[in-house]
Amino acid sequence: LVPRYGAGKLFSVQGAIELRIIALWLALLAASGFSSGEAAAQESGKALLHQIATMWALKRGAYDGVTTFKDLRKHGDFGIGTVDGLDGEMVALDGHFYQVKTDGKAYRIDDAATTPFAMVVRFKVAKRGALDRPHDMKAFMAELDRMVPIEDRPVAFRVEGDFSALKVRSVPKQTKPYPDLATALKNQTVFELEHVKATLVGFRFPESMEGVNTAGYHFHCLTEDRTKGGHVLDFDAKNAQVDALPCSDFFLRLPSSPQ
Ligand SMILES: [Zn+2]
């Protein structure tokens, strides 16, 4: 199964484990568009988003872990993904890696555990804004689009806020032969948290990266006490601080053997 990409030649290196897409995207991080107008000091720094495997493969059931968390943590302290066997939702925050299982609880991930799909970055604040009034998820995303206008690059978002409602899910570990992702998600467990302080950890990917990842927003979350979380399905938030990091570079690690 070989995906067809525009940059097909880049994906044809036999046996190659790592593939580097040298971004031509020079970060021109204009500090406009934020309600607070506050720009952070590290605005000019580069940000390398490091991804393990493609969403294209994950959707087709490539759930075997291919990279250890010991290795993954070298490349970032902030991110999302899953664990070997599609065993729950992974959230990396402040250098700590958590696995939210189908009991809705967040567990620290052992360095020896592996991931089939993840993305991490060394998070720093390039843009900061505030959304104090209540927003539902759709309105919140629209505000994020206004704060960080859509460009042909991924953007990492960290959101701290008060959530009157926060609907999350996790998926159970799958057994072989692995079903595809849509089938696996039919067995997801959904939790509805109410009146919690939580952190959203996520990304917005551009249309051009559909397949490599998924275009649009993708958030996981952890409660303030770091005991619960999951993949975010819906929410109502207020008193939110939004930190954003547009990524200047993207590194994609492909599994060594074909699926
Ligand atoms: Zn997710």
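Report follows, based on the coordinates. (Residues numbered from 1 in each chain as written. Predicted model: local features only at pLDDT ≥ 70, side-chain atom pairs only at ≥ 80, totals over all residues. Heavy atoms only, no water.)

## As for the pattern of salt bridges
Step number 1: A complete count under the given rule lists 16 salt bridges for this structure.
Step number 2: Note that Lys74 is salt-bridged to Asp71, the shortest N-O span being 4.0 Å.
Step number 3: Given a relative accessible area of 52%, Lys74 falls into the exposed group.
Step number 4: In this structure Asp71 comes out as buried when scored by relative accessible area, which is 17%.
Step number 5: The shortest N-O distance in the salt bridge between Arg146 and Glu143 comes to 2.7 Å. In this pair, Arg146 and Glu143 are both assigned in helix α3 (residues 137–147), 3 residues apart and thus about one turn of the helix distant. (Salt bridge = Lys/Arg side-chain N within 4 Å of Asp/Glu carboxyl O. Buried < 20%, exposed > 50% of the residue type's maximum accessible area, 1.4 Å probe, protein only. Helix = DSSP H or I, 4+ residues; strand = E, 2+ residues; numbered from the N terminus.)

## A short note on the nonpolar core
Step number 1: Judged by nonpolar contacts, the single largest core of 34 residues is most densely connected at Leu49, Phe78, Val121 and Phe203.
Step number 2: Of all the elements in the fold, those that place two or more residues in this core are α1 (55–59), β5 (78–82), β6 (89–93), β7 (96–100), β10 (118–121), α4 (181–184), β14 (189–205) and β17 (249–253).
Step number 3: When residues in this core are grouped by element, the largest group, 3 residues, is from β14.
Step number 4: Setting aside anything within four residues of it in sequence, one finds Phe203 in contact with Leu49, Phe78, Gly79, Ile80, Met119, Val121, Val155, Ala156, Gly216, Tyr217 and His218. (Core = buried A, V, L, I, M, F, W, Y, C linked by side-chain atoms within 4.5 Å. Contact = heavy atoms within 4.5 Å.)

## With respect to the environment of Gln51
Step number 1: Looking at where Gln51 falls in the secondary structure, it is placed in strand β3 (residues 48–52).
Step number 2: Given a relative accessible area of 0%, Gln51 falls into the buried group.
Step number 3: As for Gln51 and Gly79, which are separated by 28 residues in sequence, their C-alpha atoms are 9.5 Å apart.
Step number 4: Every residue in contact with Gln51, bar those within four places of it in the chain, is listed here: Phe117, Ala118, Met119, Phe205, Val212, Asn213, Phe250, Phe251, Leu252 and Arg253.
Step number 5: For Gln51, the side chain forms a polar contact with the main-chain oxygen of Ala53, separated by 2.8 Å.
Step number 6: Polar contacts involving the side chain of Gln51 include one to the side chain of Asn213, which spans 2.9 Å. (Polar contact = N/O pair within 3.5 Å; in protein donor to acceptor, adjacent residues only side chain to side chain.)

So, to be careful, I would describe these as geometric facts and stop short of saying anything about function.
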